[in-house]
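# Understanding the architecture of this molecule
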Amino acid sequence: MKSEAEERATFVNDSLDGSILSAEADSAGVGFDDKTSRTSVVKLLERLHYQCVRQSLQSHPNQAAHPVKSFDQRDKVSQAWLSAIPTPTSYIPSPEYTQAMAWFLFLPSPACRPYVGTLINGKPLDPHGQVLMCAHLPFDSWRTRHTAIQNTTVAIINDCGVIADAEPYGLFSPYIPASATSPTGNLHTTRDRQACVPDILITFPTEHGPANSQLAEIKSLSAGATWYQSNRKTVDVRAKGLPKLYLDKARNIDRKYCGTPEDQEGPIEQRLKSFGELQCLVAGQYGEVSQHYHDLLSKLAKSKAAHFSLIHGRALSNSEQGLLLHQLRRRLSVTIIKAQSSCLLSRLGHFQPGARDAAKRRAVTKQREEQLIQDQRAHFFAHVRGRRIHETGSLWL
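Residues numbered from 1 in each chain as written. Predicted model: local features only at pLDDT ≥ 70, side-chain atom pairs only at ≥ 80, totals over all residues. Heavy atoms only, no water.

### Some points on the overall build of the protein chain
The line we're drawing: The way it works is that DSSP assigns letters per residue, a run of H or I at least four long becomes a helix, a run of E at least two long becomes a strand, and they are numbered from the N terminus. Three labels apply to residues, based on accessible area from a 1.4 Å probe with only protein chains included: buried if under 20% of the type maximum, exposed if over 50%, partly exposed otherwise in between. Any two residues having at least one pair of non-hydrogen atoms within 4.5 Å are treated as being in contact. We get accessible surface area from the Shrake-Rupley algorithm with a probe of 1.4 Å; when it comes to residues, only the shown protein chains can shield them.
When you go through the protein chain residue by residue, the secondary structure sums to 14 helices and 6 strands. By the burial criterion, 39% of the 397 residues in the protein chain qualify as buried. Long-range contacts, defined as pairs at least 24 residues apart, comprise 64% of the intrachain contacts of the protein chain with a sequence gap of at least 6. Counting only carbon and sulfur atoms, one obtains 54% of the accessible surface of the protein chain, whose full area is about 23000 Å².

Here it is in structure tokens:
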């Protein structure tokens, strides 16, 4: 191990002086009375290995190569799924596992190989499937991916003793004038009348005083022309823009429906700021997550450790708390990897001409069903109210 560490340190122009491997074998571990010498050796070797890989990629002649651009996106969550075993909550089917492993090793997608070069919305399909993941296609593969990640996040939060409400309604609608939210108002749909509907409302219990609630927004990214084009952490870049989207939407509603002047805060904006900082939970294509996701998992692990301590009457050690945190990361990582891989595999059957025809037929059928529902509603109103269509200002259809 010492010779291996010396080779890595020489490659990155580093020195082993003062480290645990700088001593001879017979005196290694002296001074580590807490039996952490093996942990120190492993951390040192892994750090040197990471520095070697990082320096090799930085000196690579082709900086536009896929591994060079994507390596910096990795984090602890993006690799946690590798330790998963086939259990009911962490199994990964073979097709999804194959695709996930290709992404992990920065290899071309095996599923996309037969279709490389095929035009998708005017763009040829690339070997890694980026064009396919970003193309606007029929069916709801993007929403299915988002829902899978959202459901797992809500389940993890609730399992840790914290309250999570998915897509809560009624947070902002009481602050909108009734004239805008009425059936004849400008806000026609039920969702529009809510002003803002966050993905999750997280309520953290407190020892004294009222509970602390925060809004959380979940986003999932696909590698393509918009994202993953630089060495910056793409999920953090996307997360930084989410608070402005929420704030702009709240201000627009205040200006349009509440009559708030430009230089003042309206009721919707004040209500939004009362929840504190927006939790921007972004999941990337390679399983990586934004910093807010990491902070949330750490806070949930502490909450679960505290709950465990109350039940069993003893405090958890640092290693046990680390194990809880790794379990949460693995559970989330498996879900993200499965959702991203399933999204790509399902979209392989969506860009064919037959899929578009099927989507059109489904749209026609859905429209016909909506017309039948409207017809039934009209006959119901006519039966309840009577056929008094001569009333001024109302015509029930």
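### Comments concerning the sheet that holds strand β6 (residues 279-283)
Rule in force here: If DSSP finds at least two bridges between two strands, the strands pair. Only the contacting stretch of a helix is used when fitting its axis, a line to C-alpha atoms as for every element, and angles between N-to-C directions run 0 to 180 degrees.
Ordered by their spatial adjacency, 4 strands build an open sheet running β3-β4-β5-β6, and the pairing between neighbours is mixed. Every other strand in the sheet has two partners, leaving β3 (163-166) and β6 as the edge strands with one partner each. Strand-to-strand twist across the sheet, computed as the mean angle between neighbouring axes with direction ignored, equals 25°. The pairing of strand β4 (residues 200-204) with strand β5 (residues 212-220) spans 5 bridges and is classified as antiparallel. Across the sheet, the residue bridging to Phe204 is Asn212, located in β5.

### So, the pairing of β5
Across 5 bridges, β5 lies against β6 in parallel orientation. By the bridge assignment, Ala216 is partnered in β6 with Gln279.

### Details of the pattern of salt bridges
What counts here: Put simply, a salt bridge is a Lys or Arg side-chain nitrogen that is within 4 Å of an Asp or Glu carboxyl oxygen.
Counted under the stated rule, the structure contains 13 salt bridges. With a closest N to O distance of 3.5 Å, Asp14 and Arg47 form a salt bridge. Here Arg47 lies in helix α2 (residues 37-58) and Asp14 lies in the loop between α1 (2-11) and α2, a separation of 33 residues in the sequence. Relative accessible area serves as the criterion here: at 38%, Arg47 is assigned to the partly exposed category. For Glu217, the salt bridge identified is with Lys219, shortest N-O distance 3.4 Å. Exposure remark for Lys219: the relative accessible area of 26% places this residue in the partly exposed category. If you follow the salt bridges from partner to partner, you end up with Arg251, Glu265, Glu269 and Lys273 in one network.

### Structural notes on the nonpolar core
When a protein is soluble and globular, its nonpolar side chains tend to lie buried together. The line we're drawing: Side-chain atoms within 4.5 Å are what join buried Ala, Val, Leu, Ile, Met, Phe, Trp, Tyr and Cys residues into a set we call a nonpolar core.
By size, the foremost hydrophobic cluster in this structure holds 39 residues, and its most contacted members are Ile120, Leu132, Phe172, Ile176, Leu215 and Ile268. Broken down by secondary-structure element, the contributors of at least two residues to this core are α6 (130-134), α9 (234-240), α10 (242-257), α11 (267-273), β6 and α13 (318-347). Counting residues per element, this core draws most heavily on α10, which supplies 5 residues. Residues Val154, Ile157, Tyr293 and Ile336 belong to the second largest nonpolar core, which totals 26 residues.

### Side note on the confidence of the model for the protein chain
The condition is simple: The predictor's confidence in any single residue is recorded as pLDDT, a number from 0 to 100.
Averaged over every residue, the pLDDT of the protein chain is 84; residues scoring 70 or more account for 86%. Within the protein chain, β6 carries the highest mean pLDDT (95), whereas helix α8 (residues 178-181) carries the lowest (73).

### Re helix α7 (residues 141-159)
What counts, and what does not: In a helix, the anticipated span is given by 1.5 Å times the number of residues less one.
The terminal C-alpha atoms of α7, which comprises 19 residues, lie 27 Å apart, in line with the 27 Å expected from a rise of 1.5 Å per residue. For α7, the full list of buried residues reads Ser141, Arg145, His146, Ile149, Gln150, Thr152, Thr153, Val154, Ile156 and Ile157. Note on α7: the residue one or two positions beyond its end, Gly161, has a positive phi of about 85°.

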